[in-house]
Amino acid sequence: MLSEPREIAPPRTRTTRMYVIGLLSLIRPVNAVVAFVGVAAACVIAGAGPAQWATILLASLAGMLAGAAGNIINDVYDVAIDRINKPQRAIPSGAVTRKEALLWAAGCMAASLLLSIPLGALPLLIVAGSGVLMYAYSARLKRTVLIGNVAVGLLTGAAFLFGAVTVGNPVAGIIPAAFAFTFNLAREILKDIEDMHGDHANSVVTFPIHVGARTAMITACTILLVVILGTAIPVLLDVYHPVYAWVVFFGVDCVLIYALISLWNDRSTGNIARISALLKFDMLAGIAAILLGSVFA
């Protein structure tokens, strides 16, 4: 059963435009683009060439739609929290009802599974497993201490393994998957710090509420330091072309250093939200570094 029993009726002035915009906002367009690009990049990193463009497209669309379904389900379960933290979102604002959102999520997940069938049994299994984990995260794991954060990290990393497995080279997906997991683990902790007020009001015990905002911030910053150190491993092992080192240093490490300094000097909710958004785009820089390092190798 859903944790929020009361349906939010659409406002009398709801228009078709409001409804469509609400549906699109539920899939988190920026996240959808990141998922699409991430899976496509993983395919190329794993050795896919122009002759496999159809496979790359199918895998990228499947990954994007699976991620969209997860984002929608998350909003369905977070209505009570979003009424406090983000009342402008589609469901708490009444632009889209919970039932409409559930149908939208089911449609996205069904489309993702259908697109995965031609890719093979293992890619289909990864998508199906990710769907189960995304539902478990929204329904229960998100309201646990740290387990939910780890689940999101695993789901993000799984996108890169999915792309690599699809083209028959799963080993090539290990480094980008590890990068995505660690990167997003830190970002999820920061998002939980940002949402502490709404979580506390709804008796949701997340990691920051359990250990305190300061300890959670130290943990997130420590993980980001691990990411910075981890980006040097492929350079030391000579895994990628030297272009990787330049892109990852200026595009990822310098941004992370700035984020760490900013978070330590200003721990306000507004700054945490700004840095969290910045990190979302910084992950794209990390994907670009690994992609270029693989293509030129």
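The preceding data block contains the structure.
Figured I'd write up the structure that's included with this text. Only a predicted model underlies this, so the values are computations on that prediction, with no experimental measurement involved.

1. Some details on the overall build of the chain
Phase 1: Within the chain, the regular secondary structure consists of 15 helices and zero strands.
Phase 2: In terms of overall dimensions, the chain is globule-like: its C-alpha atoms have a radius of gyration of 19 Å, near the 19 Å expected for 297 residues.
Phase 3: For the chain, the C-alpha atoms occupy an extent of roughly 60 × 50 × 30 Å along the three principal directions.
Phase 4: Buried positions account for 47% of the 297 residues belonging to the chain.
Phase 5: Partitioning the intrachain contacts of the chain with sequence separation of at least 6 by distance along the chain shows that 75% fall at a separation of at least 24.
Phase 6: Of the roughly 13700 Å² that the chain leaves accessible, carbon and sulfur atoms contribute 72%.
Phase 7: Charged side chains of the chain number 19 positive and 15 negative; the gap between the two group centres comes to 7 Å.

2. Quick look at the state of the cysteines
Phase 1: Under the counting rule described, the total for this entry stands at zero disulfides.
Phase 2: Residue Cys108 stays outside any disulfide, its sulfur separated by 20 Å from that of Cys43, the closest cysteine.

3. Description of the packing of helix α12 (residues 213-230) against helix α14 (residues 243-265)
Phase 1: Close contact between α12 and α14 brings their axes to 10 Å; oriented N to C, the two are set at 165 degrees. When the interaxial angle is binned, α12 and α14 end up roughly antiparallel. α14 is crossed by α12, and the crossing has left-handed handedness. In this structure, α12 contributes Met217, Ile218, Cys221, Leu224, Leu225, Val227 and Ile228 to the contact, and α14 contributes Asp253, Leu256, Ile257, Leu260, Leu263 and Trp264.
Phase 2: Of the residues contributing to the contact of α12 with α14, the split by class is twelve nonpolar, no polar and one charged.

4. Considering the nonpolar core
Phase 1: Counting 74 residues, the largest nonpolar core has Ile72, Leu190, Leu256 and Leu279 as its most contacted members.
Phase 2: Among the elements that line this core, the one with the most residues is helix α3 (residues 53-77), at eleven residues.
Phase 3: Not counting residues within four places of it along the chain, the set of residues in contact with Leu190 comprises Met217, Ala220, Leu263, Ile272 and Leu279.

5. Quick word on helix α6 (residues 98-116)
Phase 1: For α6, built from 19 residues, the straight-helix expectation of 27 Å at 1.5 Å per residue is met to within 8% by its first-to-last C-alpha distance of 27 Å.
Phase 2: Inspection of α6 places Arg98, Ala101, Ala105, Cys108, Met109, Ser112 and Ser116 among the buried residues, and these make up the whole buried set. Take α6 and look down its axis: the buried residues cluster within an arc of 95 degrees, on one side only. Exposed side chains of α6 directed beyond 90 degrees from the buried face belong to Lys99, Leu103 and Leu114.
Phase 3: On its buried face, α6 is in contact with α1 (16-26), α3, α4 (79-85), α5 (90-93), α7 (121-139) and α8 (147-166).

6. Brief notes about the packing of aromatic side chains
Phase 1: A full pass over the atoms with the stated rule returns five aromatic pairs.
Phase 2: Seen in terms of ring centroids, Phe179 and Phe183 are 5.3 Å apart; in terms of plane orientation they differ by 50 degrees. Their pairing is tilted. With Phe179 and Phe183 both in helix α9 (residues 174-194) and four residues apart, the pair spans about one turn of that helix. In terms of burial, Phe179 and Phe183 fall into one category: buried.
Phase 3: Following the ring pairs from residue to residue traces out a cluster consisting of Trp246, Phe249 and Phe250.

7. Points about the environment of Thr166
Phase 1: Tracing the sequence through the fold places Thr166 in helix α8.
Phase 2: Among residues more than four places away in sequence, those in contact with Thr166 are Thr55, Ala59, Leu119 and Pro123.
Phase 3: At 2.7 Å, the side chain of Thr166 forms a polar contact with the backbone oxygen of Phe162.

8. A few points about the pattern of salt bridges
Opposite charge on two side chains lets them pair, provided their charged atoms get close.
Phase 1: One pass over the full model with this rule turns up six salt bridges.
Phase 2: Of the charged contacts in the structure, one is a salt bridge between Arg28 and Asp75, with a shortest N-O distance of 2.4 Å. A residue pair is termed long-range when its members are at least 10 positions apart, and Arg28 in the loop between α1 and α2 (29-45) and Asp75 in helix α3 qualify at 47 residues.
Phase 3: Residue Arg28 is classed as buried on the basis of its relative accessible area of 16%.
Phase 4: For Arg89, the salt bridge identified is with Asp75, shortest N-O distance 3.4 Å.

9. Things to note about the side chain of Asn149
Phase 1: Here Asn149 shows up in helix α8.
Phase 2: The residues contacting Asn149, other than those within four sequence positions of it, are Leu185, Glu188, Ile189, Asp192 and Phe207.

10. Here we look at the packing of α14 against helix α15 (residues 269-295)
Two numbers describe a pair of packed helices, the interaxial angle and the distance between the axes.
Phase 1: Here α14 crosses α15 at 170 degrees, and the two axes come no closer than 8 Å. Comparing the axis directions of α14 and α15 gives the class roughly antiparallel. As for how α14 packs across α15, the hand of that crossing is left-handed.
Phase 2: When grouped by side-chain class, the residues that make up the contact of α14 with α15 number 18 nonpolar, five polar and two charged.

How each quantity is defined
- Residues numbered from 1 in each chain as written.
- Predicted model: local features only at pLDDT ≥ 70, side-chain atom pairs only at ≥ 80, totals over all residues.
- Heavy atoms only, no water.
- Helix = DSSP H or I, 4+ residues; strand = E, 2+ residues; numbered from the N terminus.
- Rg over C-alpha atoms; globule rule 2.2 N^0.38 Å.
- Buried < 20%, exposed > 50% of the residue type's maximum accessible area, 1.4 Å probe, protein only.
- Contact = heavy atoms within 4.5 Å.
- Areas by Shrake-Rupley, 256 points an atom, 1.4 Å probe, with all protein chains shown as cover.
- Lys, Arg positive; Asp, Glu negative; His and termini not counted.
- Charge placed at Lys NZ, Arg CZ, Asp CG, Glu CD.
- Disulfide = S-S within 2.5 Å.
- Axes fitted to C-alpha atoms, helices over the stretch in contact; angles between N-to-C directions.
- Parallel < 35°, antiparallel > 145°, perpendicular 65-115°, else oblique.
- Left-handed = near helix turned anticlockwise from the far one by under 90°.
- Nonpolar A, V, L, I, M, F, W, Y, C, P; charged D, E, K, R; others polar.
- Core = buried A, V, L, I, M, F, W, Y, C linked by side-chain atoms within 4.5 Å.
- Expected span 1.5 Å × (residues − 1).
- Arc of directions from axis to C-beta.
- Phe/Tyr/Trp six-rings, centres within 6.5 Å; stacked < 30°, edge-to-face > 60°.
- Polar contact = N/O pair within 3.5 Å; in protein donor to acceptor, adjacent residues only side chain to side chain.
- Salt bridge = Lys/Arg side-chain N within 4 Å of Asp/Glu carboxyl O.

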